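One letter stands for each residue in the lines below.
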Amino acid sequence: MDLPPYSPGLHKLVTLHVDETQKLTNSQGFVDATNMILEKYGLEKVGGVVHNFDNDSFTISFCLKESHICIHTWPEYNQLTLDVYLCNYLQDNSQKVKDVMADYISYFEGRIIKDFEINR
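To keep things clear, this report deals only with the structure shown in the data block. (Residues numbered from 1 in each chain as written. Predicted model: local features only at pLDDT ≥ 70, side-chain atom pairs only at ≥ 80, totals over all residues. Heavy atoms only, no water.)

### Thoughts on the environment of Glu117
Summarising the element assignment, Glu117 is placed in strand S6 (residues 111-119). When the C-alpha atoms of Glu117 and Val84 are compared, they prove to be 9.8 Å apart, with 33 residues separating the residues in sequence. The residues contacting Glu117, other than those within four sequence positions of it, are Leu10, His11, Lys12 and Lys98. (Helix = DSSP H or I, 4+ residues; strand = E, 2+ residues; numbered from the N terminus. Contact = heavy atoms within 4.5 Å.)

Next comes the structure, spelled out in structure tokens:
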């Protein structure tokens, strides 16, 4: 079997400060934004779990054919953590990961507190 050369995928993790806490309590808004982002970048969702907490914060995980997107919000601290990972089995998706994350940062109008990139 001829396989393409292996290229590690990029896993990007950020913590954001978000002034508009309404976006940190609107799980449906995040789901809608994600669906638009997935369509924009040609990514395929194969499953998802949404959990809303009593204070309206949320945790959401989307399983993608290419890997995953996960978010956890803390409106009481004006923060969220978000991770985006896309495998690179048939193509290098590193720039796509950076672009997806940039779209989320724009959606939340967030200020980056922590920013990590891991090649895996």
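Still to come is the rest of the account.
### Examining the packing of helix H1 (residues 27-41) against helix H2 (residues 94-108)
Their axes nearest at 11 Å, the elements H1 and H2 cross at an angle of 150°. H2 is crossed by H1, and the crossing has right-handed handedness. From H1, Gly29, Phe30, Ala33, Thr34, Ile37, Lys40 and Tyr41 reach across to H2, where they touch Lys96, Asp99, Val100, Asp103, Tyr104, Tyr107 and Phe108. Of the residues contributing to the contact of H1 with H2, the split by class is eight nonpolar, two polar and four charged. (Axes fitted to C-alpha atoms, helices over the stretch in contact; angles between N-to-C directions. Left-handed = near helix turned anticlockwise from the far one by under 90°. Nonpolar A, V, L, I, M, F, W, Y, C, P; charged D, E, K, R; others polar.)

### What to know about the side chain of Ser57
Tracing the sequence through the fold places Ser57 in the loop between strand S2 (45-52) and strand S3 (58-64). Excluding residues within four positions of it along the chain, Ser57 makes contact with Leu24, Thr25, His51, Asn52, Thr73 and Pro75.

### Details of H1
An ideal rise of 1.5 Å per residue puts 21 Å on 15 residues; H1 measures up with 21 Å between its terminal C-alpha atoms. Looking at H1, one finds that the buried residues are Ser27, Gly29, Phe30, Val31, Ala33, Thr34, Ile37, Leu38 and Tyr41. The inward-facing, buried residues of H1 contact S2, S3, strand S4 (67-74), strand S5 (79-86) and H2. Downstream of H1 by one or two residues, Gly42 has phi in the positive range, about 65°. (Expected span 1.5 Å × (residues − 1). Buried < 20%, exposed > 50% of the residue type's maximum accessible area, 1.4 Å probe, protein only.)

### A look at the environment of Asp92
By the secondary structure assignment, Asp92 is in the loop between S5 and H2. In this structure the C-alpha to C-alpha distance between Asp92 and Asn55, which are 37 residues apart in sequence, comes to 39 Å. Within the structure, Asp92 has its side chain in polar contact with the side chain of Ser94 (distance 2.7 Å). (Polar contact = N/O pair within 3.5 Å; in protein donor to acceptor, adjacent residues only side chain to side chain.)

### Section: the pairing of S3
With respect to burial, S3 is a largely interior element, five of its seven residues being buried. Bridge analysis of S2 against S3 gives seven bridges, and the strand direction is antiparallel. Its bridge partner being in S3, Asn52 is matched across the sheet by Phe58. Pairing geometry for S3 and S4, over five bridges, is antiparallel. Bridge pairing in S4 links Ile60 to Ile71. What sits between S3 and S4 in their antiparallel hairpin is a turn of two residues. (Pairing = 2+ DSSP bridges.)

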